Amino acid sequence: MNDFNALNLPNLLLKAIHDSGYHQPTPIQAQAIPAALAGQDLLLSAQTGSGKTAAFLLPILSQLINAEDKKSKQIKALILAPTRELAQQIQTQVRKYGRELKWLFSVALVGGADFRGQIQALRKGVQIVIATPGRLLDHLRSGRLALDSVQTLVLDEADRMLDMGFMDDLNAIVAALPEARQTIMSSATWAGMVGKIAQKYTKNPEKITIEQEVAHIEERAYFCDNLDHKTKILEHLLSADLSGQTLIFTATKMSSEDVCDRLRDSGHRARFIHGDLHQSKRNRIVDDLRKGKCDILVATDVVARGIDVPGIAQVINFDLPRQLEDYVHRIGRSGRAGRSGLALSLVSLEDRKVLAALGRYLGREMPSYEIPGLEPQAKPKAKSKPKKKFRGAPERDFGGKQRAKPAKGKRFIAGFDEPRRPRMPHFDNVPVFDDFDRPSRSERFSPESNRFARSLNERQEQSRFARQAEGDRPQRFRSDDEGRPPFRGPKRGTAPRPAGRFPRDSSGPAAKPKKSFFKGEGRGDRNVADW
């Protein structure tokens, strides 16, 4: 289709589309919009920047316009996104395409935003809700919104939501939706768990897949020796005549701040963004990037799927992504809506295996470039065959001596024909028995045959007071006449009890009274039974 007029969209939507500067639908829009208008469940798979958001937003708005109760403030469409930036980007698209619909209300329920504004919007009533799974579940459990009137469910970037651990939240949200609904899902791949989820949530879906086309994005790889070498290459690339703004991706939040600080020290107008920043600050940084107040944005993968800035001309992968699917979304930030872009990847020695896996995933090899004066010196080690573990020769003993071969017809038992090694006794007074005259275990450990065990039993039978008189460690405890366990002292964290007088025992002299641990007079003369 060469024109949006052939898609049977309402005139109000066509006017908004033409005012936005779009005249021809993209391949994903040309295939998905007619099927969505017919009420068919869809499974969309297309590269970033291909107009996938408008492919499910335009049918939703068209259905709301043609509905009889279009002005009723009930939730008709629910759109779930994995990140706050993507949810807010979808909210921006809803306002852009629905500018002619004065009766249309929508709200973005994302984390980090003010609860009061979201609650106030839900009380007034909205037709479209764009939310992240966690924040939507909070409002749902508190009873602030009802999903029994939802007609269309959209799961944008479903694979990303599963990677972020929203599986249980999605099941709880879908359980609150009516069975008779239209479900539209988008994902980079339908293999694995995301395919099972799609089969569970949809009914006879139509799968629409658009081949990934990155011919308009030039890819380059620069090999680095270490972090210092990588930083020098980055500074050289930024000092070259690059047109437009630059988006730099790092693997961790700390590295994004470090790279941004180094670029600021070099005189660049750089900002950083990651998941730990407050949502208002993240929105302000993205707005500054759109307005041109900063030239370089250093970010993590939190903005790999949720930022649309037309001024971004090149993307630099300071660290290769941990997931191969994120690479396509990263470089897609530079080639939006078919524009040309540049993707540069700085590959360290540790990332060369990731680069090889990325080439197998994309089905192409990334060309490598070198900067004069900054050529990599380190080379990857050649693969060597793993050495076999030495498990010992069966014909050799542990000491390396040749073992005697068993006689013919006899079974060889290791150590049976060898001289017996002397045994080292544990105590000097314990005799070493031979294997044939060694006593049994019961005889060996009985008090009658072992003088050490007999002496131990005798010491246990002695009174504790007698052992205290013999010079052992003194202990304070109650009398054992009442059948209570002996008192071993105060517990940790409690005040010590007064020592008092110890009772007289027949086996030893009476213990002398001890001074009290508490302040005051006369407490040390009290007996144990008094307190």
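This text gives an overview of the structure that appears in the document. What you see as residue numbers is a count from 1 along each chain, following the sequence as written. Note on the predicted model: pLDDT of at least 70 is required for a residue's local features to be given, and 80 or more for side-chain atom pairs to be given and counted; whole-chain, interface and lining totals, by contrast, use all residues. Excluding hydrogens and water, the side-chain figures rest on all heavy atoms present in the structure.

1. Here we look at the overall build of the protein chain
The helix and strand tally for the protein chain stands at 17 helices and 14 strands. Relative accessibility decides the category of a residue: with a 1.4 Å probe and only protein chains considered, values under 20% of the type maximum give buried, values over 50% give exposed, and everything between is partly exposed. Counting the 531 residues in the protein chain, one finds 42% classified as buried. Counting contacts in the protein chain only where the partners sit at least 6 residues apart, residues at least 24 apart contribute 69% of the total. Each accessible area is a Shrake-Rupley result for a 1.4 Å probe, and residues are judged covered by the shown protein chains and nothing else. For the protein chain, the exposed area adds up to about 31,400 Å²; of that, 49% sits on carbon and sulfur atoms. Numbering of helices and strands runs from the N terminus; a helix is a DSSP stretch of H or I covering at least four residues, while a strand is a stretch of E covering at least two. Any two residues having at least one pair of non-hydrogen atoms within 4.5 Å are treated as being in contact.

2. Quick notes on helix H6 (residues 133-141)
Here H6 has its buried residues at Pro133, Arg135, Leu136, Leu137, His139 and Leu140. For H6, the elements touching its buried residues are strand S2 (77-80), strand S3 (106-109), helix H5 (115-124), strand S4 (128-131), helix H7 (158-163) and helix H8 (167-175). At the C-terminal side of H6, Gly143 shows a positive phi close to 80°.

3. Notes on the side chain of Ser255
Looking at where Ser255 falls in the secondary structure, it is placed in helix H11 (residues 253-265). Those residues in contact with Ser255 that lie beyond four places of it in its chain are Thr250 and Asp319.

4. Notes on the packing of helix H2 (residues 27-37) against helix H3 (residues 52-66)
One way to put it is that H2 packs onto H3 with a least axis distance of 9 Å and a crossing angle of 30°. Between H2 and H3, the angle falls in the class roughly parallel. Considering how the two elements wind past one another, H2 and H3 form a crossing that is right-handed. When H2 is examined against H3, the residues Ile28, Gln29, Ala32, Ile33, Ala36 and Leu37 are found in contact with a partner set consisting of Lys52, Ala54, Ala55, Leu58, Pro59, Ser62 and Gln63. Under the scheme applied, nonpolar residues are Ala, Val, Leu, Ile, Met, Phe, Trp, Tyr, Cys and Pro; charged residues are Asp, Glu, Lys and Arg; polar residues are all the others, including Gly. Grouping the amino acids of the contact of H2 with H3 by side-chain chemistry returns nine nonpolar, three polar and one charged. Fitted lines through C-alpha atoms serve as axes, helices being fitted only where they are in contact, and the angles separating the N-to-C directions of these axes extend from 0 to 180 degrees. Orientation is classified from the angle alone, with under 35 degrees giving roughly parallel, over 145 giving roughly antiparallel, 65 to 115 giving roughly perpendicular, and any other angle giving oblique. If you view the pair so one helix is near and one far, a crossing is left-handed when the near helix is turned anticlockwise from the far one by less than a right angle, and right-handed when it is turned clockwise.

5. As for the sheet that holds strand S8 (residues 217-223)
Strand order in the open sheet formed by seven strands is S10-S11-S9-S12-S13-S8-S14, with parallel pairing between adjacent strands. On the outer flanks of this sheet lie strand S10 (270-273) and strand S14 (368-369), each paired with one strand and no other. Two strands form a pair only when DSSP identifies at least two bridges running between them. Alignment of strand S9 (residues 245-249) against strand S11 (residues 296-299), held across four bridges, turns out to be parallel. Bridge pairing in S11 places Leu247 opposite Leu297. Sheet strands in contact with H11 are S9, S10 and S11, and its direction is about 170° off that of S10.

6. A few points about the side chain of His229
With respect to the secondary-structure elements, His229 resides in helix H10 (residues 227-239). Not counting the four nearest positions on each side in its chain, His229 is found in contact with Phe223, Cys224, Leu374, Glu375 and Pro376.

7. Thoughts on the pairing of S4
The two faces of S4 match: Ile128 and Ile130 on one face and Val129 and Ala131 on the other face are all buried. Pairing analysis gives four bridges linking S2 to S4, with the strands arranged parallel. Note that in S4 the partner of Ala77 across the bridge is Ile128. The parallel pair S3 and S4 is bridged by H5, and the resulting crossover is right-handed. Viewed with both strands pointing away, a crossover whose connecting path from the first strand over the helix to the second turns clockwise is right-handed.

8. So, the environment of Val259
Within the secondary structure, Val259 sits in helix H11. By relative accessible area, which is 7% here, Val259 ends up buried. Taking the C-alpha atoms as reference points, Val259 and Ala270, 11 residues apart in sequence, are found 9.3 Å from one another. Once you skip the residues sitting within four places of it in the chain, Val259 turns out to touch Leu234, Thr250, Val298 and Phe318.

9. Some words on helix H4 (residues 84-97)
Note on helix geometry: an α-helix contains 3.6 residues per turn, so any two residues three or four positions apart are oriented the same way. By this rule, a helix spans an expected 1.5 Å times one less than how many residues it contains. Helix length check: H4 (14 residues) gives 20 Å between terminal C-alpha atoms against 20 Å at 1.5 Å per residue, within 8%. Every buried residue of H4 is listed here: Glu85, Leu86, Ala87, Gln89, Ile90, Gln91, Gln93, Val94 and Tyr97. The distance from a side-chain oxygen at the start of H4 to the backbone nitrogen of Leu86 is 3.3 Å, and the residue carrying that oxygen is Thr83. Counting of polar contacts relies on pairs of N or O atoms within 3.5 Å, with two restrictions inside protein: one atom must be capable of donating a hydrogen and the other of accepting it, and residues adjacent in sequence are counted only when both atoms are side-chain atoms.

10. A word on the nonpolar core
Membership of the largest hydrophobic core comes to 41 residues, with the highest contact counts inside it found for Leu9, Leu42, Leu58, Ile79, Ile90, Leu104 and Ile128. Contributions of two or more residues to this core are made by helix H1 (11-19), H2, strand S1 (42-45), H3, S2, H4 and S4. Element by element, the count of residues in this core is highest for H3, at nine residues. Contact partners of Ile128, with chain neighbours within four places excluded, come to Ile60, Leu61, Leu64, Ala77, Ile79, Val94, Leu104, Phe105, Ser106 and Val107. Take the buried Ala, Val, Leu, Ile, Met, Phe, Trp, Tyr and Cys residues and link them wherever side-chain atoms come within 4.5 Å; each set so joined is a nonpolar core. Counting residues in hydrophobic clusters, the runner-up holds 38 residues, among them Val259, Cys294, Ala299 and Phe318.

11. Focus on the sheet that holds strand S5 (residues 152-155)
Within the open sheet, the seven strands sit side by side as S3-S4-S2-S5-S6-S1-S7. Their pairing is parallel. Only two strands of the sheet have a single neighbouring strand rather than two, namely S3 and strand S7 (206-209). Averaged over all adjacent pairs, the angle separating strand axes in this sheet is 15°, with direction ignored.

12. With respect to a negative patch on the surface
Here the term patch refers to residues with relative accessible area over 30% and no salt bridge, with like charges joined within 9 Å and nonpolar side chains (Val, Leu, Ile, Met, Phe, Trp, Tyr) within 5 Å. Salt bridges are defined by distance alone: a side-chain nitrogen of Lys or Arg within 4 Å of a carboxyl oxygen of Asp or Glu. In summary, the charge assignment counts Lys and Arg as positive and Asp and Glu as negative, without counting His or the chain termini. Where a charge lies is defined by one atom per residue type, namely NZ (Lys), CZ (Arg), CG (Asp) and CD (Glu). A cluster of acidic residues, Glu257, Asp258, Asp261 and Asp265, forms a negative patch on the protein surface. Along the chain, Glu257 turns up in helix H11.

13. A look at unusual backbone geometry
With phi around 60°, Asn8 is a residue other than glycine that occupies positive phi space. Take Asn8: it is sitting in the segment before H1. For Asn8, a relative accessible area of 66% translates into the label exposed. Phi is positive for Glu157, close to 55°, though the residue is something other than glycine.

14. Structural notes on the pattern of salt bridges
Under the definition given, this model contains 15 salt bridges. In this structure, Lys253 and Asp276 form a salt bridge, with 2.9 Å as the shortest nitrogen-oxygen distance. Within this pair, whereas Lys253 is found in helix H11, its partner Asp276 is found in the loop between S10 and helix H12 (279-291), the two being separated by 23 residues in sequence. On the accessibility criterion, Lys253 (36% relative accessible area) is partly exposed. Among the charged side chains, a salt-bridge network with shared partners connects Lys15, Asp19 and Glu100.

Keep in mind these numbers describe shape, not what the thing actually does.
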